[in-house]
Amino acid sequence: MEILVCVKRVPDSSENEIEVNKDGSDIERDDLVYSVNEWDNYAVEEAIQIRDNVGGSVTVVTVGDDESEEVLRREMAMGADSGVLLSDDAFEGSDGKGVATILKAAVEKGKYDLIMTGAQADDGAAQVGGMLASMLDLPYASLVNKIEVIDDKKIKVGREIEGGNQEMSEIDLPCVLSIQTGINEPRYVGIRGIRKVASVEIPTYGSSDLGLAADAVGAAGAKVKRLDYFVPEMGEGAEMLEGSNEEIMEKLIELLKAKGGIK
Amino acid sequence: MAQIFAYIVHKEGTPDDTAVELREAAKKIDSNADVTAIVFGSGVDAVCNQLTESYKEVWKIDNAGLAYPNAEVIRRALVSILPPDCIFLAPHDTFGMDLCPGLSIKLDSPQISDVVDIEGSEGNTLKVVRQEFSGMASTHVNCDISNGAVINIRPGSFQGEGVKGAGGQVVDKTGDAGDISESSRRYLEVVVAEVGDVDITKSEILVSVGRGIEDQDNLEIIHELAEAMGGDVSCSRPIVDAKWLEKSRQVGTSGQTVKPKVYLALGISGSFQHMGGIKGSPFIAAVNKNPKAPIFQLADVGVVADILEFVPELTEKIGESK
C-alpha cells in the first residue's frame, strides 16, 4: 500500500505556555518549542504499521518553510520512507482551503492508495483532510481511531463519535482519512534515529513545480483571514487561592468539605 | 443577504440542543433572516414538527437509507438541494467535522470551523471568533461570504432562546436529494463504549487527572488523593491516549458525560471537548502549573501549582483533617 501522510510543524502545546504578543498580531514565538503536530504523529505511526503488515511505502509531506524539514526528518526517523517539503513564499497566508489545494497538487504528483492527515492541528480547524478528499473526489472518514486492511480495494475504519462510541464503516481505496489520537502508541524517536536520516535528500516543491495558480493559494486566495490574537474575558473566572502552601491547602480543604467533596 | 440553512442533528425523535443554538447563531449573522432547517433521517416527522416553532421552513429528506447519518451520502444530497451562495450552519461535532470541510469544496464556498461567537456582517464580510492552541488564544476571523459559507458552530457556545412562534412549514425535499444509496463508504455498526470497573457517570466526587501528571508511575498520588476524599479517579483524553487509564474513565465529549457534586481537575488544561463532558454545574476546583490554562476561566476555585508536589501534600492534609 502506497501511503501519504500530511504533517505540520506546530508549537508543542504540552511544552509551551501560549501567550499573545503585545499588539495582538501573533503569539509570542521566540521561546516556543516546536514539534510535529500530535495527531499527525499518530497518523504516521499508523501508516508505518500498515506498511509493515502489507508492504508498500510511507511518504510524509508538509506545507511549510525550511524549518519544517525537521518534522519530516523526525517522521522519517520513525520509519517513513521519504519526505517531501512544499515550500514557497506564495504559500504564505494560505487558509485551510489553500493548504488543501497545495496538498492536492502534491498528491497528484504521486500515486497513493491511502492519504492520511491528523484530525486537527494547532488552529483546531480540522478541515484540511476533508477538503483534500473532496478536491480529489475520494471518499473520506474523519476522527479515525481504527484501521483494518481488508484487501487492496477496501479497508474497515472506526470513527470516534460522541460518548466514546465507535462508528465502523467500510471504505473504498483510494481514500483520505483524518486520524484521531489514541489510535496506536507512537514509537519513540531517539537522537540516533534522527542522525541516521540527517543526510537523506528531501525534495522541495514550490508553486510552479506544482502547477498552482498564484491566486489559488496564499493570502491572495484566502477567503478566511485571521485578523488578530487576543485573550478572551470569560466571566469571572476562578477564585485563585493565594498565600503559603499551608494556607492554600487549608482553604481548599475547607471549600471541598463545604461542597461535599470530602467524604 | 444570502439564504441561511441549519443542519439539524437529532436523536430518538428529538432535535439536539444545537438546533436552538444554530438558530441563535443565524440571528447573529442576520437578525431578520428566515432560516431553513434541514433534517435528514428515516421517519423524521416528529423532529420536523418540533422545529417549525423556531424555523420558518423545515426541509425534510426522509428515506429508510438515512436511518444512520453517513456524511458522505448526506454531503452529496446537500450539494443537490442547496441553492448557490447560501450560508450553511452545522454543529462542530463528530458529524459536522465529517461533513463540512468537503461540503465547502463542493459548494465552492469557504469554511470556518469551530466558531465560538459571531460579531456580525458588513457587506460580504462576516466577522467571527475562533480559538486556537487548545483554547489558549482566541482570534477574530474575517470571512468573505460573497459565495456563501459553510460554518461550524461549537456546541454550547450560542446560548439563548432561539426563535419562538416561527410558524414554519415542513417541505419534503426527498425527491430532490438525488441518489442516497451508500457507495464508497458503507456504514456497518456502532460499537458501544465498554463500561469499566468504575462508572464515573455515577460518581459524586471526581478526582480528574490530565497531562500534568507527566508519567504513568505518578498516577499513584491521584489514586491516593481520591481515596482520601472518598471519590473516584477520572481523566482527560491524553491519559487515555497514553493507555495509562481505561477509556471508561475519560471525561469529555468523546468520553463520558459526568454529573458530580465536586470536580477536582488536576493538571488538566480545560479544552472545550473536556469541559463538554461535565454537566450539572458541579463545584470545580483546578490545580495547574500554567496560570494561563483555560481551566481557570471555567473553574470556581483555582490553585497555580505543580500537581506532582501539591497532590501528595493535599492528601496528607486531608488525612490529618479527618
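The present account deals with the structure reproduced in this document. Model, not experiment: these values are computed from the prediction.

Thoughts on the side chain of Arg130(B)
Point 1. With respect to the helices, strands and loops of the structure, Arg130(B) is situated in strand β9 (residues 125–132).
Point 2. Among buried Asp, Glu, Lys and Arg side chains, Arg130(B) stands out as unpaired, with Glu132(B) the closest opposite charge at 4.2 Å.
Point 3. Polar side-chain contacts of Arg130(B) include one of 2.6 Å to the backbone oxygen of Ser113(B).
Point 4. The contacts of Arg130(B), once residues within four sequence positions are left out, are Asp123(A), Gly124(A), Ala125(A), Ile112(B), Ser113(B), Asp114(B), Val116(B), Ser138(B), Thr139(B) and Val141(B).

A word on the interface of chain A and chain B
Point 1. Taken together, the contact between chain A and chain B spans 81 residues of the former and 86 residues of the latter.
Point 2. Buried surface at the junction of chain A and chain B, both sides included, amounts to about 7500 Å², of which 56% is carbon and sulfur.
Point 3. Considering only the side of chain A, the residues that lose the most area to chain B are Lys223(A), Met249(A) and Lys263(A), jointly responsible for 9% of the buried surface there.
Point 4. At the boundary of chain A and chain B, one finds 12 salt bridges.
Point 5. The shortest N-O distance in the salt bridge between Glu132(B) and Arg226(A) comes to 2.9 Å.
Point 6. Within the residue set of the side of chain A that touches chain B, elements represented by two or more residues are α1 (38–54), α4 (128–136), β7 (140–149), β8 (154–160), β9 (166–172), β12 (224–226), β13 (239–240) and α7 (245–258) of chain A.
Point 7. Ranked by the residues each element gives to the side of chain A that touches chain B, the list is headed by α7(A), at 9 residues.
Point 8. Here β9(A) pairs with strand β13 (residues 185–191) of chain B via 6 bridges, running antiparallel. Of the residues in β13(B), the one forming a bridge with Gln166(A) is Val191(B).

Some details on the pairing of β7(A)
Each regular strand carries side chains that alternate between the two faces of the sheet.
All names here are of chain A.
Point 1. β7 sits mainly inside the fold: 7 of its 10 residues count as buried.
Point 2. Where β7 meets strand β10 (residues 175–179), 3 bridges bridge the pair, whose relative direction is parallel. Bridge pairing in β10 places Val144 opposite Ile179.
Point 3. Summarising the sheet, β7 and β8 pair through 5 bridges and their orientation is antiparallel. Bridge assignment links Val149 to a residue of β8, and that residue is Ile155.

Description of the packing of aromatic side chains
Residue and element names in this part refer to chain B.
Point 1. For the coordinates displayed, the defined rule picks out 5 aromatic pairs over all chains.
Point 2. Aromatic pair Tyr7 and Phe40: ring centres 6.0 Å apart, planes at 25°, arrangement stacked. With Tyr7 in strand β1 (residues 4–7) and Phe40 in strand β4 (residues 35–41), this pair connects stretches of sequence that are 33 residues apart.
Point 3. Given a relative accessible area of 3%, Phe40 falls into the buried group.
Point 4. Ring geometry for Tyr7 against Phe95: centres 5.1 Å apart, planes inclined by 25°, an arrangement best described as stacked.

Considerations on the sheet that holds β13(B)
What links the strands of a sheet is backbone hydrogen bonding, and the strands pair in either a parallel or an antiparallel sense.
Point 1. Read from one edge to the other, the open sheet built from 10 strands follows the order β11(A)-β5(A)-β4(A)-β1(A)-β6(A)-β10(A)-β7(A)-β8(A)-β9(A)-β13(B), with strand pairing classed as mixed. The sheet terminates laterally at β11 (204–205) of chain A together with β13 of chain B, the two strands that pair on one side only.
Point 2. Both strand β4 (residues 57–63) of chain A and strand β5 (residues 82–86) of chain A contribute to a ladder of 5 bridges, which runs parallel. The partner of Val63(A) across the bridge, within β5(A), is Leu86(A).

So, how was this worked out
Residues numbered from 1 in each chain as written. Chains lettered and ligands numbered in written order. Predicted model: local features only at pLDDT ≥ 70, side-chain atom pairs only at ≥ 80, totals over all residues. Heavy atoms only, no water. Helix = DSSP H or I, 4+ residues; strand = E, 2+ residues; numbered from the N terminus. Buried < 20%, exposed > 50% of the residue type's maximum accessible area, 1.4 Å probe, protein only. Lys, Arg positive; Asp, Glu negative; His and termini not counted. Salt bridge = Lys/Arg side-chain N within 4 Å of Asp/Glu carboxyl O. Polar contact = N/O pair within 3.5 Å; in protein donor to acceptor, adjacent residues only side chain to side chain. Contact = heavy atoms within 4.5 Å. Buried area = accessible area lost by both parts, 1.4 Å probe. Pairing = 2+ DSSP bridges. Phe/Tyr/Trp six-rings, centres within 6.5 Å; stacked < 30°, edge-to-face > 60°.

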